[in-house]
Each structure stands twice: as structure tokens, then as C-alpha cells.
Amino acid sequence: MSAVSDFPDWGDPNSPANSYRLSQHYVTETIHETSVPNMVTAVLADYRGYDTMFETVVIFTAGIAIIGILRRFGNDDKDAAKPTLYTKKPDLIIDTTCRLMIPIIQLFALYVIAHGHHSPGGGFQGGVIFGASFILLAVSRDLQAAQKWVPEKRILNLAGIGVLIYAGFGLGSLLLGQNFLDYAILHKIMPATPIEARSHSMLGVEIGVAFTVTAIMFSIYSNLASNGSMKEGL
Amino acid sequence: MIVDTICIVLVSLGLLFFVGGAVGVIRFPDFYTRMHAAGKGDTMSVFLVLVGLAVYQLGDFSLGNALVAGKILFITVFIMWASPTSTHALIRAGLEEGQKVWTRDDKKEESEK
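Basis of the calculations
- Residues numbered from 1 in each chain as written.
- Chains lettered and ligands numbered in written order.
- Predicted model: local features only at pLDDT ≥ 70, side-chain atom pairs only at ≥ 80, totals over all residues.
- Heavy atoms only, no water.
- Helix = DSSP H or I, 4+ residues; strand = E, 2+ residues; numbered from the N terminus.
- Rg over C-alpha atoms; globule rule 2.2 N^0.38 Å.
- Buried < 20%, exposed > 50% of the residue type's maximum accessible area, 1.4 Å probe, protein only.
- Contact = heavy atoms within 4.5 Å.
- Areas by Shrake-Rupley, 256 points an atom, 1.4 Å probe, with all protein chains shown as cover.
- Lys, Arg positive; Asp, Glu negative; His and termini not counted.
- Charge placed at Lys NZ, Arg CZ, Asp CG, Glu CD.
- Core = buried A, V, L, I, M, F, W, Y, C linked by side-chain atoms within 4.5 Å.

Draft legend 1. View of the overall build of chain B. The secondary structure content of chain B amounts to 4 helices and 0 strands. Relative to the 2.2 N^0.38 estimate, which gives 13 Å for 113 residues, the radius of gyration of chain B is 19 Å and therefore markedly larger than a compact globule would have. With 113 residues in all, chain B has 27% of them scored as buried. Long-range contacts, defined as pairs at least 24 residues apart, comprise 71% of the intrachain contacts of chain B with a sequence gap of at least 6. Accessible surface, chain B as shown: approximately 7600 Å² in total, 71% of it carbon and sulfur. Positive and negative side-chain charges in chain B, numbering 10 and 11 respectively, have mean positions lying 3 Å apart.

Structural data, given as C-alpha cells:
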């Protein structure tokens, strides 16, 4: 506790982290180099693109691991304790509210994803919000209702597609003769200048991240809530 | 000046309701009355605090600030939907699970002890 007072003040422009040349470069040059006003997203999706790509892969792997551990096929468990929270048919009040809220949550998730390079947000956050809307559907009705919209197969496809979209942007720049994930060269196949191409590609990889995160969020929930049987859950 | 006063009054009232809700959660005897305090207190207090903040934003009027105030009001509307519904869902779950309702007889027993 005594060391806390030695920390630099919050937002101190002269603290070591802020006065280092690299951060100065990010703060002053991001807008010129990538035409993205949100420098956090620029660092995350462009300067450190590799890192974020493998973070997406980590989420994908986590989802696959959960499925590998929990998923059980066939209807073997007659003795397994059934969750009894909502035994009756869906409640009118809860049903109506969720009907109103789920579309708004999804719309807001799309806004967070699409606005990630202008304001706080991005693929991870938006994906989590989108996944939460499906979880809300599963909680307010039952797991089957949500499964109708996102069956297990579609979830796994979406998760894979998300990673592939991200890697595809990397491979695209590789094919056009630049380094992996060096988006500027993509201006040849986009109606944009090299600098704007970076901004557009960042939006593209955010969408890829959002696909994976949405799918894996709901997959983890449905596996945990239904004890791996994917039939009945909370 | 007037805007500041309105804002301070609203936020202070909201904090008062927060205190009421918190005291209710601790002091009330059973699950249902506690949810009653938590649900009503939190909904009202969040509403008052957020409206106070929106008014504060509008005090220095510009398009950007109006946008922020609008977003705060959206959050308010959202909470006004979500909070009572979640209270309702919890109470219903408690009822189905068989939580006991506190009655006057319980009070007599407690005072006899």
C-alpha cells in the first residue's frame, strides 16, 4: 500500500508510460497513418494485429475446449437433476420485456461493432453484447427457443468463419505482396486510399472477431446451462 | 446556476433512494420484502441520478452535449424496463422455489424469543 503513492497520477502526461517515444508516436501519428480516430483500436487491430488475431483464436479454442469437455450426445441421463427454475410456461411480463429488449440489444451490439474504430467498442465488446442477447432469449424462454435461431452447427460455423475473416484480411495483404496483416496494400481491391484501406480493414477484422465472440459466448452458455446435453437448460 | 441546482437536487434525491434501498435490503425480514426494497429503490434512484446527469449535460447546450444527454435518457428508459422485470423474475423464481412469506405471526415469535 505504501508504494501506491509513488505511482504516477492518473492521466499524467509525463508518466513513464506516456512519455515513452512509442506511445507518443501512437498518440500523434495514428490519425495520419490509419485515419482511425480511436488510437486504442488502431493499436489493437493494426499495429498489434497478430496479437488480436491470436486472441480471437484463443476464444475459438476455449469454445472448442468447453464443447469437448462438456458436450454429451444421446439421451442417457434420466437421473440427472433437471433445472427447475422455470417449470411453467413463459411469463407474460418477462416475455414482453425480452421481446422489446432483445432487438435493441442486438442493434446496440451492431453499433458497438461498427463504431469500434471511432469510439470505445469493437469486435470483442460488440460480440459479447450480441451473444448476451441470445443468452437472454435462452433465459427468458428456454434453450430450445434460442437454439432455433442459433443451432449448434451454425454456431460452430460462425466461430470458424470469424477467425477465417480475420486471417483472410492477413492473407489478402500477403497475396498482394505485403506483410501478413499489413492492410495498406488492400487499397488495390478496395475503393479507398492506402490509409483509408487500413481503417476499412480494421472494421473488417472487428466483424470477424465479433462473429467468433458471439458464437463462442452462446456456445459456452448453452453447454454449461444444459449440462452438455443442449436440450434443456435454465 | 438553475441547471446546477436542479441537477444537485435530482442526484441527491437519487442517492437518498439508494440509501433507502440498501437499508431495506439489510433490514427487511424476508426475501420478498427485500426484493421490494431493492427493486423499487434501485429503479427510482438510478432514474433520478441519470436524469440529473442528463440535465447537467444540457446545462452547457451544444449538439454534442444534447447527444450525450439523449444517450443517458436511453439508458434510463432501458433501466426502467429491465429493473422491474428482473425483480419480477426473481420474485417469481423465489415463489416457485418455495421461499416462505414473512407474516405477523413470525414477528410475534421473534419478539418472544
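Draft legend 2. Geometry of the environment of Leu164 of chain A. Mapping Leu164 of chain A onto the fold places it in helix 8 (residues 152–175). Considered as a pair, Leu164 of chain A and Asn18 of chain A are 146 residues apart in the sequence and their alpha carbons are 35 Å apart.

Draft legend 3. Region of the structure containing the nonpolar core. Residue and element names in this part refer to chain A. By size, the foremost hydrophobic cluster in this structure holds 20 residues, and its most contacted members are Ala138, Phe218 and Tyr221. Elements that contribute at least two residues to this core include exactly helix 5 (92–114), helix 6 (123–140), helix 7 (143–149), helix 8 and helix 9 (194–225). Aside from chain neighbours lying at most four places away, what touches Phe218 is Phe134, Ile135, Ala138, Leu143, Ala146, Gln147, Val150 and Ile155. Judged by nonpolar contacts, the second largest core, of 18 residues, contains Met53, Tyr183, Met202 and Val213.

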